[in-house]
Amino acid sequence: MGVVTIPLVVRGLGTERYGLLSLAWVVLGYFTIFDLGLGRATTKFVSEALSKGEADQVPQIVWTAATFQAILGLFGGLVLFGITDVLIEDILNIPPELMGEAKDTLYLLALSVPLVLLSISFGGVLEAAQRFDLMNLVRMPSSILTFILPLVGLYMGLGLPGIVALILLARLGTLAVFIFFGLRIVPEMKKYSISFARFYHLFSYGGWVMITSIVGPILVYLDRFLIGSLITIAAVTYYTAPYEAVTRISIISLSLSATLFPAFSAMEGVRDRQKIGLVFARSIKYVLLICGTIVALVIVFAKEILQIWLGTDFVIESTLSMQVLALGVLINSLAHTPFSLLQGVGRPDLPAKFHLIELPIYVGIAWILVSQFGIAGAAGAWTIRVVLDTAMLFMATFKVYRLSPSLMAENGMIRSIIGLVIFAGIAYGLKELAYALPI
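Conventions we followed
Residues numbered from 1 in each chain as written. Predicted model: local features only at pLDDT ≥ 70, side-chain atom pairs only at ≥ 80, totals over all residues. Heavy atoms only, no water. Salt bridge = Lys/Arg side-chain N within 4 Å of Asp/Glu carboxyl O. Helix = DSSP H or I, 4+ residues; strand = E, 2+ residues; numbered from the N terminus. Buried < 20%, exposed > 50% of the residue type's maximum accessible area, 1.4 Å probe, protein only. Contact = heavy atoms within 4.5 Å. Phe/Tyr/Trp six-rings, centres within 6.5 Å; stacked < 30°, edge-to-face > 60°. Lys NZ or Arg CZ within 6 Å of the ring centre and 35° of its normal.

Undergrad: Would you mind going over the pattern of salt bridges with me for this structure?
TA: Considering all chains together, one arrives at eight salt bridges under this definition. The shortest N-O distance in the salt bridge between glutamate 48 and lysine 44 comes to 2.6 Å. In this pair, glutamate 48 and lysine 44 are both assigned in helix H3 (residues 38–51), four residues apart and thus about one turn of the helix distant. On the basis of relative accessible area, glutamate 48 is assigned to the buried category, the value being 15%. Note that aspartate 349 and arginine 347 form a salt bridge whose closest N and O atoms lie 2.9 Å from each other. Sharing partners across several salt bridges, the network here consists of Arg347, Asp349 and Lys353.

Here's what the structure looks like:
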């Protein structure tokens, strides 16, 4: 849906307003730090409770998390409301004629913070129960509306704040449906119950996830802020459009990791280490084969894709960054499985510590590369960061959970890599042959 709508929205809003909309979503994503990791903790402990046949424990887990998330979400919204003027006037390079719209947009996003946090916990109940059919039933229309509503707003003659208001209403509807399905799956949740002792238990796990939530958005979105500050807000669009396209490839590994996290949690609950190792190895192989095939095509045909999709300006400005980002997406996709395993078996501290190590390294590299090479430098810095992150996650998984690297070879990893290299070579050869043929 994004492939279809993004060009229309860019033309309707203009590059500067679309860049502003992209940065607004970055800000909202960062304010999910007020979740304190409670959403992830909810999924883990509900999954363990259900695997042990202790459904009576679920209401207290869920309602304790949801109550504190509602309070924290309101606080986060007030913080965002309070810093909007400073963010717009002093930090971001916003054109003067857009400052009013920019402020109104962030004011509306402040109202979204509690809704987003609550959706994490109630959606986590469906994940913990491994009812991904229902998760899809909710998230598919929700995701589609995120792309369609800007077009609807443009058709209605709404400005940027009006478009954000439409998306805010869609988020409210998503939360209501999550609660409805949660009550259907676990009827015991109809009884409201909270416990400060339970909150401490959730936070002792979620605190490490919170660190990941604080540092993670910086690692993901720092490049856009640097581009907006060091270059222009229009350059953010030339970077963001291909970024949004290629990172959609990660939907494959992210969807898999969404199922793996509660599955690993349930397996750990009954101590099935052998099955964990087998699922881990096969997940890596399938992610490499599926995502790698798509990434190879994107790298080989990046120029042609941009020409058809967004036009000549994007071919000139965005081809190299799109190719570099695609490679980074493949590497990052492989990291999602060890990330889910470490959190699922009760070691969320390790990914959090890795992110703290990466942060100063990434800030320095990104500042230098963006200053020297523009948006291509931003893509390079992001890819270097995910390579480091993936390497540390794999090493930790092999060492902490005592999985042997030979497990990967035993499940066909080497053959998969060779096949992928051959496929990429054939794709490149066919492209060169097509250009060499007389027209």
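Undergrad: Honestly, the environment of isoleucine 316 in this entry has me stumped. Any pointers?
TA: Structurally, the position occupied by isoleucine 316 is in helix H13 (residues 312–344). Considering only alpha carbons, one finds isoleucine 316 and lysine 303, 13 residues apart in sequence, at a separation of 8.6 Å.

Undergrad: Quick question: what am I supposed to make of the side chain of serine 416 here?
TA: Structurally, the position occupied by serine 416 is in helix H16 (residues 413–436). The contacts of serine 416, once residues within four sequence positions are left out, are Lys285, Leu288 and Leu289.

Undergrad: Please explain the packing of aromatic side chains as it appears in this structure.
TA: Where two aromatic rings form a pair, the distance of their centres and the angle of their planes describe that pair. Taken as a whole, this structure holds 14 aromatic pairs when the rule is applied. Between the aromatic rings of phenylalanine 45 and tyrosine 205, the centroid separation amounts to 5.6 Å while the plane-to-plane angle is 75 degrees, which identifies the pairing as edge-to-face. One end of the pair, phenylalanine 45, is in helix H3; the other, tyrosine 205, is in helix H8 (residues 196–230), with 160 residues separating them in the sequence. Of the two residues, phenylalanine 45 and tyrosine 205, neither departs from the other in class, the shared state being buried. Each ring, one from phenylalanine 280 and one from phenylalanine 398, has its centre 6.4 Å from the other, and the planes form 85 degrees; the classification is edge-to-face. Here phenylalanine 398 lies in helix H14 (residues 349–400) and phenylalanine 280 lies in helix H11 (residues 273–300), a separation of 118 residues in the sequence. For phenylalanine 280, a relative accessible area of 0% translates into the label buried. A connected cluster of aromatic rings, assembled from ring pairs, spans Phe68, Phe196, Phe199 and Phe203. The ring of phenylalanine 261 carries the charged tip of arginine 40 above its face, separated from the ring centre by 3.7 Å.

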